[in-house]
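Listed below, chain by chain, are the residues.
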Amino acid sequence: MITVVIANIIEFIASGLQVGTGAIKKKSGILILQTIQLLLQAVSLLLLGAVTGAVSNVISCFRNYLCYREKLNWIWKVIIIILSVAMTVVLNDQGALGIIPATICTVYIIFMDVKDPVRFKLLVTLSFIPWIFYHFMIRSYVGAVFDAATVITNGITLVRMLKDR
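About the criteria used
Residues numbered from 1 in each chain as written. Predicted model: local features only at pLDDT ≥ 70, side-chain atom pairs only at ≥ 80, totals over all residues. Heavy atoms only, no water. Phe/Tyr/Trp six-rings, centres within 6.5 Å; stacked < 30°, edge-to-face > 60°. Helix = DSSP H or I, 4+ residues; strand = E, 2+ residues; numbered from the N terminus. Buried < 20%, exposed > 50% of the residue type's maximum accessible area, 1.4 Å probe, protein only. 1 Å grid on protein atoms, 1.4 Å probe; cavity = no way out; pocket = protein on both sides within 12 Å on 5 of 7 lines; lining within 4 Å. Points joined across faces, edges and corners; volume = space filled by probe spheres on them. Nonpolar A, V, L, I, M, F, W, Y, C, P; charged D, E, K, R; others polar. Axes fitted to C-alpha atoms, helices over the stretch in contact; angles between N-to-C directions. Parallel < 35°, antiparallel > 145°, perpendicular 65-115°, else oblique. Contact = heavy atoms within 4.5 Å.

As a further point, take the packing of aromatic side chains. Summed over all chains, the structure comprises five aromatic pairs. A centroid spacing of 5.4 Å and a plane angle of 90 degrees characterise the contact between tryptophan 131 and tyrosine 134, whose relative ring orientation is edge-to-face. Here tyrosine 134 and tryptophan 131 lie together in helix α6 (residues 117-137), a separation of three residues that amounts to about one turn. On the basis of relative accessibility, which here comes to 12%, the residue tryptophan 131 falls in the buried class.

Listed below in structure tokens is the structure:
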């Protein structure tokens, strides 16, 4: 039980950083803060036994690094997707639940270059929905709550963006 509490405390700090990225305007700053957040979440996920989630987060850090350096092209995207799927196949001990992080990672990477801000906001919003379920199932209750809050706030923003069109 103490491990679950510690993991949720770490997740709380990571989730605070997740929320904090909303206040940053520069892409580079967002990517740096998000990378720290992902690393903290990876630790939390490992403590909860969610290896595929932790691996997905570490791979996402590499993706962010490439994006920060403006080196994320289709070749790197394919490599990252293959790495994510391969690591999931090798390390998954959670059955269907363990496949969720690689699936989210794959979909996000494929569509993350979309130029339309409404479609990008939709991608971000939809990509958090499976994480709600995943975090709840692995007992990262703080993560599930923050994911749900992120979906709600992004959904509200998405509706406003659509009205402004």
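What follows covers the layout of surface pockets. Here the idea is plain: a probe the size of a water molecule rolls over the atoms and shows the empty space left. Here the largest pocket defines a volume of roughly 1,400 Å³. Taken together, 46 residues line the largest pocket, and the ones lying closest to its centre are Ile30, Gln34, Tyr108, Phe120 and Val124. Looking at the lining of the largest pocket, the elements that each hand over two or more residues are α1 (2-20), α2 (27-47), α3 (51-68), α5 (100-111), α6 and α7 (141-164). Across the lining of the largest pocket, the residue classes break down as 21 nonpolar, 16 polar and nine charged.

This part takes up the packing of α5 against α6. The interhelical angle for the contact between α5 and α6, taken along N-to-C directions, is 175 degrees, at an axis separation of 10 Å. With respect to α6, the axis of α5 lies roughly antiparallel. The segment α5 lies against α6, with Ile100, Pro101, Ile104, Val107, Tyr108 and Phe111 engaging Phe120, Leu123, Val124, Ser127, Pro130, Trp131, Phe133 and Tyr134. For the contact of α5 with α6, the class distribution of residues is 13 nonpolar, one polar and no charged.

Everything listed here is a matter of coordinates, which is why it stays silent on function.
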